[in-house]
Amino acid sequence: MATASTTLEVDDLHAGYRGRPVLAGLALAPVRTGTIAALVGPNGAGKSTLLRALCGLVPARGRVGFGGVDLLGLGPGERARHIGFMPQNLPSTAALTVLESVISALKAGAEPASGDARLRALAALHRLGIAHLAMEQLGRLSGGQLQLANLAQAIAREPPLLLLDEPTSALDLHYQLRVIGAVRTLADEGRIVVVVLHDLAFAARWSDHIVVLDKGRLHSQGAPQKVITAAMLRDVYHVEARVERCSNGRIQIMADGLVA
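None of the values given here were measured: they were computed from a predicted structure. (Residues numbered from 1 in each chain as written. Predicted model: local features only at pLDDT ≥ 70, side-chain atom pairs only at ≥ 80, totals over all residues. Heavy atoms only, no water.)

(A) Layout of the overall build of the protein. If you tally the helices and strands in the protein, you get nine helices and 13 strands. Taken against the 2.2 N^0.38 rule, which gives 18 Å for 260 residues, the C-alpha radius of gyration of the protein at 18 Å falls within 12% of a compact globule. Each principal axis of the C-alpha distribution contributes one length, and for the protein these read about 60 × 40 × 35 Å. Residues classed as buried in the protein amount to 49% of the 260 residues present. For the protein, the exposed area adds up to about 12,100 Å²; of that, 51% sits on carbon and sulfur atoms. The distance from the centre of the 26 positive side-chain charges to the centre of the 22 negative ones in the protein is 2 Å. (Helix = DSSP H or I, 4+ residues; strand = E, 2+ residues; numbered from the N terminus. Rg over C-alpha atoms; globule rule 2.2 N^0.38 Å. Buried < 20%, exposed > 50% of the residue type's maximum accessible area, 1.4 Å probe, protein only. Areas by Shrake-Rupley, 256 points an atom, 1.4 Å probe, with all protein chains shown as cover. Lys, Arg positive; Asp, Glu negative; His and termini not counted. Charge placed at Lys NZ, Arg CZ, Asp CG, Glu CD.)

Quick look at the structure:
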């Protein structure tokens, strides 16, 4: 379990693909242990690119400090000890069982392929309440079950930093709540979670800190109630909208139309 206090710091980050820069000089406020930081913004804003840059999956320069080290300077094996990454679309492994997929994730992180790896994989499945699916093939799971299995792969090594790309996308309400509830628990245990979310009201309810990206640059960041405003929605999403509170005090967004 990750309990040591640490901070994620991103400064002057440039990242992108060959011939197509995406992020330019991105700097974020420090994100501390126990925090869920939601990345929001329109399609193409650079949210997934930011996660992939932190993982070393796209070329990047700048500084990404975490626990006294610069993540950008680490090799793949050392980086895997710090980071658990759940991409939006995993490679097809439909023939693997859920347990085999988690063990494979441990092997990919340079963990020993032994009985210990099997126990660690089972522990991750138990933590997410899906141990009963251990011998099911991935291709036979529902969308929500598959997302929980993918999350188990990301947490099996007990990384202190979790990067999750749209973990609730295309899920029904039950599994949205199961997945994000598990993510909240993982953060509360002493991790930093950076998660891409498209539903702004959902992000406001479950995250502690919101980062709004637009065209590869930082638009705003901070507590949900400070960041999610009618002005931000007009500037970034180009919609006229009202930001109000429901009877439980939660942020609700009513989009009235496109900006003329």
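Now that the structure has been shown, we can carry on.
(B) Here's a closer look at the sheet that holds strand β10 (residues 209-214). Pairing in this open sheet of six strands is mixed, and the strands run β7-β8-β9-β4-β10-β11 from one edge to the other. Strand pairing shows two members of the sheet lacking a second neighbour, β7 (83-86) and β11 (217-222), which therefore form its edges. When strand polarity is set aside, the average angle formed by the axes of neighbouring strands in this sheet is 15°. Lying over the sheet, helix α1 (residues 47-55) contacts β4 (36-40), β7, β8 (161-165), β9 (192-196) and β10, oriented at roughly 145° with respect to β8. In the packing of helix α9 (residues 230-237) onto the sheet, contacts are made with β4, β10 and β11, and the angle to β10 comes to roughly 30°. (Pairing = 2+ DSSP bridges. Axes fitted to C-alpha atoms, helices over the stretch in contact; angles between N-to-C directions. Contact = heavy atoms within 4.5 Å.)

(C) Spatial organisation of the environment of Leu 218. Tracing the chain through its elements places Leu 218 in strand β11. Expressed as a C-alpha distance, the spacing of Leu 218 and Leu 28, which sit 190 residues apart in the sequence, is 8.0 Å. Not counting residues within four places of it along the chain, the set of residues in contact with Leu 218 comprises Leu 26, Ala 27, Leu 28, Val 211, Val 212 and Leu 213.

(D) Fine view of the side chain of Arg 191. Note that Arg 191 resides in the loop between α6 (173-188) and β9. On the basis of relative accessibility, which here comes to 0%, the residue Arg 191 falls in the buried class.

(E) Here's a closer look at the packing of helix α3 (residues 98-108) against helix α5 (residues 143-155). α5 packs onto α3 with a crossing angle of 30° between their chain directions and a minimal axis gap of 8 Å. With respect to α5, the axis of α3 lies roughly parallel. Crossing geometry of α3 relative to α5 is assigned as right-handed. Contacts between α3 and α5 involve Val 98, Ser 101, Val 102 and Ala 105 from the first element and Ala 149, Ala 152 and Gln 153 from the second. When its residues are assigned to classes, the contact of α3 with α5 shows five nonpolar, two polar and no charged. (Parallel < 35°, antiparallel > 145°, perpendicular 65-115°, else oblique. Left-handed = near helix turned anticlockwise from the far one by under 90°. Nonpolar A, V, L, I, M, F, W, Y, C, P; charged D, E, K, R; others polar.)

(F) Spatial organisation of the layout of surface pockets. Within this model, the second largest pocket holds a volume of roughly 220 Å³. Forming the walls of the second largest pocket are Ala 201, Phe 202, Ala 204, Arg 205, Pro 224, Gln 225, Arg 245, Gly 249, Arg 250, Ile 251 and Gln 252. Looking at the lining of the second largest pocket, the elements that each hand over two or more residues are α7 (200-206), α8 (224-227) and β13 (251-258). Ranked by the residues each element gives to the lining of the second largest pocket, the list is headed by α7, at four residues. (1 Å grid on protein atoms, 1.4 Å probe; cavity = no way out; pocket = protein on both sides within 12 Å on 5 of 7 lines; lining within 4 Å. Points joined across faces, edges and corners; volume = space filled by probe spheres on them.)

(G) Examining the packing of α5 against α6 more closely. Relative to each other, α5 and α6 sit at 15°, their axes nearing to 9 Å. Taken together, the axes of α5 and α6 are roughly parallel relative to one another. The two elements α5 and α6 meet at a crossing, and its hand is right-handed. Judged by residue contacts, Gly 144, Gln 145, Gln 147, Leu 148, Leu 151 and Ile 155 of α5 engage Tyr 175, Arg 178, Val 179, Ala 182, Val 183 and Leu 186 from α6. Among the residues forming the contact of α5 with α6, the class breakdown is eight nonpolar, three polar and one charged.

(H) Region of the structure containing empty space enclosed by the protein. Scanning the model with the defined rule gives one cavity of 30 Å³ or more in all. Considering only enclosed or pocket space, the largest cavity measures out at about 50 Å³ in volume. Mapped by element, the contributors of at least two residues to the lining of the largest cavity are β4 and α1. By residue class, the composition of the lining of the largest cavity is nine nonpolar, no polar and no charged.

(I) Quick peek at the nonpolar core. Core analysis: the largest hydrophobic core is formed by 54 residues, its most contacted members being Leu 125, Leu 151, Leu 164, Val 193 and Ile 210. Element by element, the count of residues in this core is highest for α6, at seven residues. In this structure, Leu 164 is in contact with Leu 51, Met 86, Leu 151, Val 183, Val 193, Val 194, Val 195 and Val 196, ignoring residues within four places of it in sequence. Grouped together as the second largest cluster of nonpolar side chains are 30 residues, Leu 50, Leu 51, Leu 74 and Val 194 included. (Core = buried A, V, L, I, M, F, W, Y, C linked by side-chain atoms within 4.5 Å.)

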